[in-house]
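Spelled out from the first residue to the last, the chains are:
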Amino acid sequence: MHIRLRIPMFLGGLFFLLLMACAVVRAQAPEQERQVKAAYLYKFAGFVDWPDGSFERPDSPLLIGVAGDTALAEQLELSVAGHSVNGRVVQVKKVRRGEPLAGLHVLYLGGLDKALAQEMLVASRGLALLTVSDSDEVHAMGSMINFVMARDRMRFDVALKPVAQAHIRISARMLLAAYRVQTEGA
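All values reported here derive from a predicted model rather than from experimental measurement.

Criteria and cut-off values
Residues numbered from 1 in each chain as written. Predicted model: local features only at pLDDT ≥ 70, side-chain atom pairs only at ≥ 80, totals over all residues. Heavy atoms only, no water. Buried < 20%, exposed > 50% of the residue type's maximum accessible area, 1.4 Å probe, protein only. Helix = DSSP H or I, 4+ residues; strand = E, 2+ residues; numbered from the N terminus. Arc of directions from axis to C-beta. Salt bridge = Lys/Arg side-chain N within 4 Å of Asp/Glu carboxyl O. 1 Å grid on protein atoms, 1.4 Å probe; cavity = no way out; pocket = protein on both sides within 12 Å on 5 of 7 lines; lining within 4 Å. Points joined across faces, edges and corners; volume = space filled by probe spheres on them. Nonpolar A, V, L, I, M, F, W, Y, C, P; charged D, E, K, R; others polar. Pairing = 2+ DSSP bridges. Polar contact = N/O pair within 3.5 Å; in protein donor to acceptor, adjacent residues only side chain to side chain. Contact = heavy atoms within 4.5 Å. Axes fitted to C-alpha atoms, helices over the stretch in contact; angles between N-to-C directions.

Any chance you could explain helix α2 (residues 70-80) here in plain terms?
Residues that lie three or four places apart on an α-helix share one face, since the helix turns once every 3.6 residues. Residues of α2 that are buried include every one of Leu-72, Ala-73, Gln-75, Leu-76 and Val-80, and no others. Projected onto a plane normal to the axis of α2, the buried residues spread over an arc of 165 degrees and lie on a single side. Backbone geometry just downstream of α2 places Gly-82 in the positive-phi region, at approximately 80 degrees.

Shown next, in the form of structure tokens:
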């Protein structure tokens, strides 16, 4: 009988600690999500081949634009500071409505209303620009990569048709790491 009382109390205490740990993880989730997205945006650039003429000069930086998510832009700036991709310094630019997208190599579209996201996707057409979103709706409008949550992990989908239209190539290694690869549509 004495053992029975200890086991439920032990399990109750363990359950309480587990609840507290879950609350802490949930409270930190937005910051952790930003860190993961920033890491992905930086890593994506290393798995993309841009066509000739995508960089003004041999020493031009690789430019990642972020629209609609200032906090992610700031996290990305911290993450890429002092780093390079394929010998190119990585820089981050906060992109606002109406600004030209020429010169960017990666564009993240996050937290934008549907009209602005569509406007930026239309403006990106014809450019060798990898577009990344975190909304199924924006992905359906033509973004190339979309962040998704799968089994409590940040993953990404890839749509190959807009990639081909932009005349860029994504490494087979990156496609193997994708959660889903869409070969038709968008």
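It is not clear to me how the pattern of salt bridges should be interpreted in this structure. Could you clarify?
Side-chain pairs of opposite charge can arise whenever the charged atoms involved come near each other. For the coordinates displayed, the defined rule picks out nine salt bridges. With a shortest N-O distance of 2.9 Å, Lys-37 and Asp-134 are connected by a salt bridge. Residue Lys-37 is found in helix α1 (residues 2-45), and its partner Asp-134 is found in the loop between β6 (130-133) and α4 (136-141); the two are separated by 97 residues along the sequence. Arg-57 is paired through a salt bridge with Glu-56; the nearest N and O atoms lie 4.0 Å apart. A network of salt bridges, in which partner residues are shared, links Glu-33, Lys-37 and Asp-134.

Would you explain the layout of surface pockets in this entry?
Empty space left among the atoms is revealed by rolling a probe the size of a water molecule over them. The calculated volume of the largest pocket comes to roughly 280 Å³. In terms of lining residues, the largest pocket is bounded by 15 residues, among which Ser-54, Ala-102, Gly-103, Leu-104 and His-105 are the most central. In the lining of the largest pocket, the residues fall into eight nonpolar, five polar and two charged.

How should the pairing of strand β4 (residues 88-95) be read in this particular structure?
Moving residue by residue along a regular strand, the side chains alternate between the two faces of the sheet. Bridge count between strand β2 (residues 62-67) and β4: six bridges; the pairing is parallel. Across the sheet, residue Leu-62 finds its bridge partner in β4, namely Val-90. Two elements, strand β3 (residues 84-85) and β4, share two bridges in a ladder whose sense is antiparallel. Bridge pairing in β4 links Val-85 to Arg-88. Hairpin geometry of β3 and β4 is characterised by an intervening segment of two residues between the two adjacent antiparallel strands and by a positive phi of about 50 degrees at Asn-86.

How should I be thinking about the side chain of Ser-143 in this particular structure?
Looking at where Ser-143 falls in the secondary structure, it is placed in the loop between α4 and β7 (145-150). Taking relative accessible area as the criterion, Ser-143 reaches 0% and is therefore assigned buried. A polar contact is formed between the side chain of Ser-143 and the backbone oxygen of Ile-145, at a distance of 3.5 Å. Beyond its immediate sequence surroundings of up to four residues, Ser-143 is in contact with Leu-121, Thr-131, Ser-133, Val-138, Ala-159 and Pro-162.

How should I be thinking about the sheet that holds strand β5 (residues 106-109) in this particular structure?
Remark on secondary structure: sheet strands pair via backbone hydrogen bonds, oriented parallel or antiparallel. Strand order in the open sheet formed by eight strands is β3-β4-β2-β5-β6-β7-β8-β10, with mixed pairing between adjacent strands. In this open sheet, the two edge strands, each paired with only one partner strand, are β3 and β10 (180-182). Of the pairings in the sheet, the one linking β2 to β5 comprises four bridges and is parallel in character. The residue bridging Ala-67 from the neighbouring strand is Leu-109, located in β5. Taken strand by strand, α2 contacts β2, β4 and β5, and its axis lies near 165 degrees from that of β4.

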